[in-house]
Structure formats: structure tokens, C-alpha cells
There are 2 protein chains.
Amino acid sequence: MPSPHCLPDSTEDLCQPTIKQSTSNIVDGIDLEDIREFARTFKVRRLVLGLTQTQVGQALCATEGPAYSQSAICRFEKLDITPRSALKIRPVLENWLREAEEKHQQGNLQQIAGMDFINISAIGKIRKRRTFFSPEALVVLNSRFEQSSHPSGREINSIAQEIGYERDVVRVWFCNKRQSLKHCQSFQRSRINLKSSDSTEEDRNSSSPTQP
Amino acid sequence: MPSPHCLPDSTEDLCQPTIKQSTSNIVDGIDLEDIREFARTFKVRRLVLGLTQTQVGQALCATEGPAYSQSAICRFEKLDITPRSALKIRPVLENWLREAEEKHQQGNLQQIAGMDFINISAIGKIRKRRTFFSPEALVVLNSRFEQSSHPSGREINSIAQEIGYERDVVRVWFCNKRQSLKHCQSFQRSRINLKSSDSTEEDRNSSSPTQP
DNA sequence: ATGCATGAGGT
DNA sequence: ACCTCATGCAT
DNA sequence: ATGCATGAGGT
DNA sequence: ACCTCATGCAT
């Protein structure tokens, strides 16, 4: 398990970079380059089979082992996941792909993708409807986040009241915001690149937005 | 040429839908299904060659015929273009692909992608730096756009002043906003779908955002 | 492809 | 009662 | 992949 | 002087 609590309010630092953003080739004894190559060929072979990410996800539901959603497959192909996650998903996709290609060799063109599901939901708890924040609310949320990424309970109450959304929805927004920021380490990395020799253009066009 | 001026301020209507969003199979005598299939196999074969969209774009620069940027290739593969555009790009990609695969059959693995360009810019006019609008400015712009998608010269002046950006940058924002909206026709199309029979849940969770 | 929601596991 | 992390649903 | 910029062609 | 449309650059 990695160390906990490594976001000390400065918008810097990172815990679990995604593979895509990692520059090194081996992390925690995991060969990232190997995973990168598999992700690439997986995508090619999936497309050759003529299948969408959604279809693969449905097909996985029909197998014995663990299943993954379209979202997970999308993130795997983009390498938008931590090495640890990739290590879990990879064998599942690998095994499924092998079997799918075998069936394809024979003529079972129909049997590869899972049947179109008759969405058997309506079982168990109903999931809360997704909240959409208005642009105005997002302005407030983001500016509050810049002030403090870990607002206290009282602060959350006040923010929720200000923008007119449920308290818990605001709390979760901060959780998700923190989580997504962790995957954004590559922010401002290679800056000293080769450019035009003079700095004239650099000065001429200040990118400061407020200048009425 | 299609009819001009078909955005009568109601956020409805559409002139040039993209192929992706078109539901019919033939438009203006162009076989969309045919283009869809080519786009799919183009992507597969590009990936089999191990090339990125960027590399294809660079390779096209090295050929005689017309060249296209990575952006154009991306939009073609996603079918995020009008049928008319697709008809222009398609033969270019088709010819390039054939030649690339021939070279690949022989062993010229290196010669397929264009050489890494030593970006010979700094010739001719310098392009204006891209403007980034702050979330606050976007809130204003979008609300003004809802009021009127074709603000007069005076109105543009006043908006520019209000948000503190150059007048022309604001004008162009409205142009681009109108343009991108045209490609968004599929907004609210299939609404009468099969759902849970009762309407209880429909009422319980009003999606109106402001409810403090 | 991505933003909000869930749930397991932890303090 | 909060958090993180992996992951999914619905867009 | 996508938002702002450019330029051709048009009123 | 405005517009649309196709397209590119830089993110």
C-alpha cells in the first residue's frame, strides 16, 4: 500500500501517476513498456475483430472471470490507469482476446460479442441521478478548491448553501476533484525545449487574460 | 452550395450535420455507409502499420497531392466532418494508405512516416496566440449567446468590455460557437424510449440545479 | 471520453 | 464521519 | 480530442 | 464589415 495523505494543499505532488503520464519504464517492479505494448496491440486486434469497447465489456460479463465495463477498457487502452490496476485487468483482457480470436478463426462470428443485454436493472438500490453543476456553480467550486482542497464540514455546508446544491454532492465533488488531480502530474514538465533563438515573441504577447 | 443563414436564433435547426450524427445512409448522393466503413478500416490499417495520426499527417506533407493535418485525420476517423469534406479527404488517405502498405510489404519500415520535422516555422506572419477564456468569462459569453447568437457590433463591444477581452476575440468566439453548434443536431432526439413503467422516479429527482 | 456516484477499506 | 482508490453509469 | 485562429468565398 | 465553412495550430 502506498503512503496515505500526500496532497498537502499545494497543487503539486502526486501519489499514483497513470501509466500514460509516467516517464519511467519500470515502477514498483512493473514493466510499463510491456503494458504499453499490450495495450496498443489489444486495441488493434479488437478493431480487427470489429468490436467496440462496449461489446468487449459485454462479452466479459458472459465469461467466468472478473468483468470490466466499457469505461475500464477505455481507460486501459488510453493507459489512463495506475500500473497496479493495469496489472489486474491485463490478464483478463489477454485471455478473452485469445478465445475471441480462436472463435473468429472458426466461423463463430456471431458468438464473440455478448448478446445485446435487455438491461436487467431495476434490481436493488436505484443509483442517484448524476448531478450537473451549472457553469456558475463550477466557478465557485473551483475557486473554493484553489483556496483549500480539503474544506472542513462547516465550509462544505457553506459552499453547498451558496451554490444551492446538496451538501453531500458538494463533498463528493471535492473527493472526485482531488482524485482527478492526482492523475495530472505531467503539468509543466518539459519547458526548456528548443525554440526560436530570440525571446522577442515571448515578450510581445503576454497571455494574461484580463486586460480591458 | 447549401442554403445560407439557417440558424434563426432558436437553438434548433441544422445545416451541415456530420456523418457521425447523420442517421440516413445516403446524403446528397454520397454513400455515408461506404465512408463509415472506410474510416473504420483506415484506422485499423493505420494502427497495424503502427502509425499515429500525427505521423500520417507528416507523411502526407511529403507526398505530391494535398496534405492534411493530424486534426483533419482525427476528425475523419471519428467521422466528425460533413459528407462533402469526407469526400475530399478520402481519396487522399486511400492512396497514401495503399503506398504505405506496399512499402511495408517490402522492408522500408523507416521510410513510411515522414521524417521528424525541424518545424520550419518563423516564416511569414506569426499566428496570434490562442486565447484562453476564464470560467467567469465563459459564463458571461454563454449566457449572452443564449440571449442572442448574433450580437450586433455594439453588443460585441459591450461584452468585450464587460469580460476584459479584445473585441475581435469575442467576435470570433461567437463565430466558432455558432459553427460548433451546427454539428450538434442530435441534441434531444430519441426521448420516448422504453423505461421503467411508473413515473415515480421521474418526479422524485427533479434535475433542476438550483434548489437550496 | 469523461464527470459524478458507489463501495470497499482505511484513519 | 471523514478519507482514498478502483471502478461503473450515464452522459 | 478540442477550442480558438485563419483564410477563402460570399452577402 | 460582417458572415459561413473547411481546416490548422497548440493545447
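Going along each chain's sequence as written, the residues are numbered from 1 onward. Written order determines the labels here, with chains lettered from A and ligands numbered from 1. Restriction of local features to residues with pLDDT of at least 70 applies here, the model being predicted, together with a cutoff of 80 or more for giving and counting side-chain atom pairs; totals for whole chains, interfaces and linings are based on all residues. Just so you know, side-chain values use all the structure's heavy atoms and leave hydrogens and water out.

- The name that an unreviewed UniProt entry assigns to chain A is POU domain protein, with the source organism given as Daphnia pulex.
- According to the UniProt record, the Sequence similarities (unreviewed entry) comment for chain A reads "Belongs to the POU transcription factor family."
- UniProt positions are given in the numbering used here, feature names are shortened, and annotations may be inferred rather than shown by experiment. The annotation that UniProt attaches to chain A under Subcellular location (unreviewed entry) is "Nucleus".

**Looking at the overall build of chain A**
- A helix here means a DSSP run of H or I that spans at least four residues, while a strand means a run of E at least two residues long, and both kinds are numbered starting from the N terminus. Across its full length, chain A carries eight helices and two strands.
- For chain A, the α and β elements follow one another from N to C terminus as β-β-α-α-α-α-α-α-α-α.
- Buried residues are those whose accessible area, probed at 1.4 Å on protein chains only, stays under 20% of the maximum for their type, while exposed residues exceed 50% and partly exposed ones sit between those limits. Residues counted as buried form 31% of the 212 residues belonging to chain A.
- Any two residues whose heavy atoms approach within 4.5 Å are treated as being in contact. Residue pairs at least 24 apart in sequence account for 65% of intrachain contacts in chain A once pairs closer than 6 positions are excluded.
- Each accessible area is a Shrake-Rupley result for a 1.4 Å probe, and residues are judged covered by the shown protein chains and nothing else. Here chain A displays about 14900 Å² of accessible surface, and carbon together with sulfur accounts for 50% of that area.

**Some thoughts on the packing of aromatic side chains**
- When the centres of two rings from Phe, Tyr and Trp lie within 6.5 Å, Trp using its six-membered ring, the rings pair. Their planes under 30 degrees apart give stacked, over 60 give edge-to-face, and anything left gives tilted. In the structure shown here, the tally under the stated rule is 14 aromatic pairs over all chains.
- Ring centres 5.9 Å apart and planes at 40 degrees place the aromatic pair Phe38(A) and Phe42(A) in the tilted group. Linking Phe38(A) with Phe42(A), this pair stays in helix α1 (residues 32-48), spanning four residues, or about one helical turn.
- When the ring of Phe38(A) is compared with that of Phe76(A), the centres are 6.0 Å apart and the planes differ by 70 degrees; the resulting orientation is edge-to-face. Note that Phe38(A) is positioned in helix α1 and Phe76(A) in helix α3 (residues 70-78), a separation of 38 residues in sequence. Comparing Phe38(A) with Phe76(A), the two get one shared label, buried.
- Members of the aromatic cluster, each reached through a chain of ring pairs, are Phe38(A), Phe42(A), Phe76(A) and Trp96(A).
- A ring is considered to have a charge above it if a Lys NZ or an Arg CZ atom is located within 6 Å of its centre and within 35 degrees of its normal. Sitting above the plane of the Phe145(B) ring, Lys177(B) keeps its charged end 5.7 Å from the centroid.

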